[in-house]
Protein chains: 2
Amino acid sequence: MAKSDTSSNDEFDLETFLPFRLHQASEAVSQSFRSIYKHEYGMTRSEWRVLAHLGQYGAMTATEIGRSASLHKTKVSRAVFSLETRRWLSRAPDQRDRRVQILSLTKSGHQAYRRLGSRAQQYNDQLAKKLGKDKVAEIVHLADALQRVVKD
Amino acid sequence: MAKSDTSSNDEFDLETFLPFRLHQASEAVSQSFRSIYKHEYGMTRSEWRVLAHLGQYGAMTATEIGRSASLHKTKVSRAVFSLETRRWLSRAPDQRDRRVQILSLTKSGHQAYRRLGSRAQQYNDQLAKKLGKDKVAEIVHLADALQRVVKD
DNA sequence: AATCAATCGTCACAAATGTAACAAAATTGT
DNA sequence: ACAATTTTGTTACATTTGTGACGATTGATT
């Protein structure tokens, strides 16, 4: 029997469909951490992401945050405005390029970052414990590979 | 030197923070498939998910779809309405429980599922090829583990 | 130098989403 | 048998998000 078998082997399998499975896993994990920044600090996910990035990597522009955090530019723009209103973030002009602003955390922004970062690390360690330490490294490695591969 | 070292080892590390890394990977992968159901079929993610579930598993109720697809009930409700308007989906009353409706794909719904499912599988295979076949199984396994662990 | 295209961040508007309330039906407990 | 509670799916409302356009600035082309 040559080609054109009765059973086509290109049938769709949802169980192994990565966009679905990854989204499912990601949402499950994200949701369970969400209550901390949402209910305890009244923050949105975007705000927490921007705070985490500035806390982790120091001063950056909005575009850089967007690229690194995989956040839409309007999400960054709004999160920055909101964090600025809380006085957790401040803007400084860039001498080299007057279109952009250098964003950085204020003193109380750093404090908030330390508090939330600590909770985040606690959460992650707990997850790592239940999952197995090595699994975390595996996931991180796979996430790296996925991002590399998708960007053709 | 006993306790209280100068360098605290509970510092937050974004690189290994699973909610972030998983979301990042998930978004990267999802976005690149999104254009197919969005631009070629004018569908939302929820609609594609509902179509995929009914196509894959056959007739189900809205609640069952929501549970299986990790979709909010209002998302399911709206996606069902929209797919029904396209005549890709039909509802039938359940004799045992008159609150629910048995949802299933129409003939053209099945056709659409086959077309889109084929594209989806194609996309996934392509990804698997670049990533290494075994990696996909790894990811699926880890996704299972994550979902189990998060649900306490 | 002058024009053209590209980038940055913001805003108005439209679309998608979540919350909370609801009617209808089923389930539980007495 | 009945009342109280729970479940299912839809809707109104408010919030969040993405799209597209914009002014300002920069970089590239000539």
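The text that follows walks through the structure, step by step, so that each part is easy to find. (Residues numbered from 1 in each chain as written. Chains lettered and ligands numbered in written order. Predicted model: local features only at pLDDT ≥ 70, side-chain atom pairs only at ≥ 80, totals over all residues.)

## Regarding the protein's contact with DNA strand C
Item 1. Contacts to DNA strand C come from 19 residues, most closely from A62(A), T63(A), S77(A), V100(A) and R98(B).
Item 2. Elements represented by at least two residues in the surface near DNA strand C include exactly helix 3 (62–69) and helix 4 (73–85) of chain A together with helix 2 (45–57) and helix 4 (73–85) of chain B.
Item 3. Per element, the largest residue contribution to the surface near DNA strand C is four residues, and it comes from helix 4 of chain A. (Near = placed C-beta within 6 Å. Helix = DSSP H or I, 4+ residues; strand = E, 2+ residues; numbered from the N terminus.)

## Here's the deal with the relation of the copies chain A and chain B
Item 1. After a rotation of 179 degrees and a shift along the axis of 0.1 Å, chain A superposes on chain B with an RMSD of 0.3 Å. Seen this way, the second copy is the image of the first under a two-fold rotation axis. (Least-squares fit on C-alpha atoms with pLDDT ≥ 70 in both.)

## Comments concerning the interface of chain A and chain B
Item 1. The interface is formed by 44 residues belonging to chain A together with 44 residues belonging to chain B.
Item 2. Secondary-structure elements contributing two or more residues to the side of chain A that touches chain B are helix 1 (18–40), helix 2 (45–57), helix 5 (107–131) and helix 6 (133–150) of chain A.
Item 3. The leading source of residues in the side of chain A that touches chain B is helix 1 of chain A, at 14 residues.
Item 4. When the residues that make up the side of chain A that touches chain B are grouped by side-chain class, the tally is 23 nonpolar, 13 polar and eight charged. (Contact = placed C-beta atoms within 7 Å. Nonpolar A, V, L, I, M, F, W, Y, C, P; charged D, E, K, R; others polar.)

## What to know about helix 6 of chain A
Item 1. Its 18 residues place the ends of helix 6 of chain A 26 Å apart at the C-alpha level, agreeing with the 26 Å of an ideal helix rising 1.5 Å per residue.
Item 2. V136(A), I139(A), L142(A), A143(A) and L146(A) are the residues of helix 6 of chain A that are buried. Buried positions in helix 6 of chain A, seen along its axis, are confined to an arc of 130 degrees and lie on one side of it. Facing away from the buried surface of helix 6 of chain A by more than 90 degrees, the exposed residues are K133(A), D134(A), A137(A) and R148(A).
Item 3. Against helix 5 of chain A together with helix 1 (18–40) and helix 6 (133–150) of chain B lie the buried residues of helix 6 of chain A. (Expected span 1.5 Å × (residues − 1). Buried ≥ 20, exposed ≤ 12 C-beta atoms within 10 Å, placed from the backbone. Arc of directions from axis to C-beta.)

## Things to note about the protein's contact with DNA strand D
Item 1. Residues in contact with DNA strand D amount to 19 residues; listed here are only the nearest, R98(A), T61(B), T63(B), S77(B) and V100(B).
Item 2. For the surface near DNA strand D, the elements supplying multiple residues, two or more each, are helix 2 and helix 4 of chain A together with helix 3 (62–69) and helix 4 of chain B.
Item 3. By residue number, the principal contributor to the surface near DNA strand D is helix 4 of chain B, which donates four residues.
Item 4. Class assignment of the residues belonging to the surface near DNA strand D gives a composition of three nonpolar, nine polar and seven charged.

## Observations regarding the nonpolar core
Item 1. Core analysis: the largest hydrophobic core is formed by 72 residues, its most contacted members being V50(A), L51(A), V50(B) and L51(B).
Item 2. For L51(A), the residues in contact, after removing those within four places along its chain, are L83(A), W88(A), A112(A), Y113(A) and L116(A). (Core = buried A, V, L, I, M, F, W, Y, C linked by C-beta atoms within 7 Å.)

## Re the packing of helix 2 of chain A against helix 4 of chain A
Residue and element names in this part refer to chain A.
Item 1. Taken N-terminus to C-terminus, the directions of helix 2 and helix 4 make an angle of 80 degrees; their axes are 9 Å apart at the nearest point. As summarised for this structure, helix 2 and helix 4 are arranged roughly perpendicular, according to the angle between their axes. Along the contact surface, helix 2 presents S46, E47, V50 and L51, while helix 4 presents K75, V76, R78, A79, V80, S82 and L83. (Axes fitted to C-alpha atoms, helices over the stretch in contact; angles between N-to-C directions. Parallel < 35°, antiparallel > 145°, perpendicular 65-115°, else oblique.)

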